Each structure stands twice: as C-alpha cells, then as structure tokens.
Amino acid sequence: MRVLPGPDPLFRQRRWATLLEVLSPEECDALIAQANGVVSLAGHLVGGRGEAGVRRSDVTWLADTPDNAALYMHLTQAASRLNHDNFRFALDGFEEEFQLARYRAEVAGHYDWHVDRGGRAVGGRRKLALVVQLSDADSYEGGALELNVDGIVREAPRQRGTAIAFPAYALHRVAPVTNGIRFSLTAWLHGPDFT
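Computed from a prediction, not measured in an experiment: that's the story for all the values here.

**Student:** What's the story with the nonpolar core in this structure? I'm lost.
**Tutor:** The tendency in soluble globular proteins is for nonpolar side chains to be buried as a group. Judged by nonpolar contacts, the single largest core of 29 residues is most densely connected at L23, L31, L71, L75, F98, L134 and L185. Residue assignment for this core shows that the elements contributing at least two residues are β2 (17–20), α2 (25–36), α3 (69–87), β7 (98–104), β9 (126–133), β13 (163–167) and β15 (177–190). Ranked by residue count, the leading element in this core is α3, at seven residues. Among residues more than four places away in sequence, those in contact with L134 are L23, C28, L31, I32, L100, R160, F183, S184 and L185. Among the nonpolar cores identified, the runner-up in size contains 17 residues, and Y111, V131, L145 and V177 belong to it.

**Student:** Would you explain unusual backbone geometry in this entry?
**Tutor:** Trans is the common state for peptide bonds, and a negative phi is the common state for residues other than glycine. Within the chain, R88 stands out as a residue other than glycine whose phi angle is a positive 60°. Within the element layout of this structure, R88 appears in the loop between α3 and β6 (93–94). For R88, a relative accessible area of 60% puts it in the exposed group. Even without a glycine there, the phi angle at A108 is positive, about 50°. Relative to the assigned elements, A108 resides in the loop between β7 and β8 (110–114).

**Student:** How should I be thinking about the sheet that holds strand β4 (residues 55–56) in this particular structure?
**Tutor:** Through backbone hydrogen bonds, the strands of a sheet pair up, either in parallel or in antiparallel fashion. Within the open sheet, the five strands sit side by side as β4-β8-β14-β11-β12. Their pairing is antiparallel. Only two strands of the sheet have a single neighbouring strand rather than two, namely β4 and β12 (153–155). Relative to strand β14 (residues 171–174), strand β11 (residues 145–148) runs antiparallel, the two sharing four bridges. Directly across from N148, in β14, lies its bridge partner L171.

**Student:** I keep staring at the pairing of β13 and nothing clicks. Help me out?
**Tutor:** Each regular strand carries side chains that alternate between the two faces of the sheet. Within β13, five of the five residues are buried, which leaves the element mostly enclosed by the surrounding structure. Direction of pairing for β2 relative to β13: antiparallel, over a ladder of three bridges. Looking across to β13, one finds that A17 is bridged to A165. In terms of strand pairing, β9 meets β13 through five bridges, oriented antiparallel. Bridge pairing in β13 places V132 opposite A163.

**Student:** Just checking my understanding: could you explain the pattern of salt bridges for this structure?
**Tutor:** Pairs can form between side chains of opposite charge whenever their charged atoms are close. Enumeration according to the criterion identifies 12 salt bridges in this entry. Residue R160 pairs with D29 through a salt bridge whose shortest N-O separation is 2.4 Å. Taken as a pair, R160 in the loop between β12 and β13 and D29 in helix α2 lie far apart in primary sequence, 131 residues in all. Assessed through its relative accessible area of 26%, R160 is described here as partly exposed. Accessibility expressed as a relative area gives 43% for D29, which makes it partly exposed.

About the thresholds
- Sequence order as written defines the numbering, with residues in each chain counted from 1.
- Totals for whole chains, interfaces and linings use every residue, but because this is a predicted model, local features are given only for residues with pLDDT of at least 70 and side-chain atom pairs only at 80 or more, for both listing and counting.
- Values shown for side chains rest on all heavy atoms present in the structure; no hydrogens or waters enter the calculation.
- Here, nonpolar core means buried Ala, Val, Leu, Ile, Met, Phe, Trp, Tyr and Cys residues that are tied together by side-chain atoms lying within 4.5 Å of each other.
- Each residue gets one of three labels from its accessible area relative to the maximum for its type: buried under 20%, exposed over 50%, partly exposed in between, using a 1.4 Å probe on protein chains only.
- Runs of E in the DSSP output that reach at least two residues are strands. Runs of H or I that reach at least four are helices, and both are numbered from the N terminus.
- Whether two residues are in contact is decided by their heavy atoms: any pair within 4.5 Å suffices.
- Note on pairing: DSSP must find at least two bridges between two strands before they are called paired.
- Salt bridges, as used here, are contacts in which a Lys or Arg side-chain nitrogen is within 4 Å of a carboxyl oxygen on Asp or Glu.

As structure tokens, then:
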C-alpha cells in the first residue's frame, strides 16, 4: 500500500487521506461479482429512511464472517494506518457491516450531499469513513466522490483499489453516474464522542 497525498499537505493531514492498493484488482473484481450476484437493497439514509431524490443506489452488506476475513483484515490495516498518520481519532473499531454499493447510470445513481455521522444509535458513533474505489475509473462516467470539508469541493482519487478516509462529519456526495456503473465499498470506524 502506498500513501497518495491529497491536493495539499494541510488538506490531506486534516481533512482526508488516501491509501493506494488497499485491494488488488482481483479483490475488486470479486466484490463486484458479489454485488452483481445477490439481490441488493435500495440504499437508505442513516435511520433507514429511503429518499430517491437524495440517494439512488443498490447496497449489499458484508458481515465479518470467515468468508470476509481477508477483506476485514485489509480494511482494518488501512484504516489503522490512515488514522494514525492523519487523524489520530480515538477509535473502537467497526460496529457495522461493510456496505457494498452499486450506482447505475440507468437510474442516475447518486448520493447527494450528506454526512455519515448521525442518529442516536450506531450512526452517532461513526467517526471515520473509509471508501474503497472498486470500479476501474474508465468503466463509468460521472459518479465522482466529492468532499466539501472547508467550503471547497474536491474530487477524491478514482484509482481502483484505493481507500479514501475522511471524518464521518465531513460533507460529501457521490455525483450522478451518467454512463456505466460505479462500485464502491464503505466502512465506518466508531469510537467515543468527539470532545
């Protein structure tokens, strides 16, 4: 795994960070095949509300099972490194299953501006979001993961297998996919409230 700097050192150090090659192309292919091979659920907002105007995607949840042990290990290592080098949040680990998402152009798949932290239950304990790019960047158009943490919208890198970490309170979106399908994997790390 190699660290990819953000647009500038201050932004990378405090707002988001990227780690290349967290997953291999073969691991990305296997997750995409898994997403295409199961009946997916419509993606919802925190709290289970469905809002097609806000979010239009299909999701599959990946539990921490023996079949997913290598995936959980890869993301644990990546998250630990990204957190240590960039955020230094007090974290307890993963309290939710990983979310495998599919954004299809035929339905203008997207997730409008939002934050990942919210609610009173487990969503309120989210501290660090980790999004892994599964699709080849040339296999779809649109669908950019965009972050706006300081009033400036920045597009996250699209390299396949790359993990992007950012605070769960950071404003972000997946822009509408205009051609093809974008696949991503999202995990949230939880911990005590920010003080």
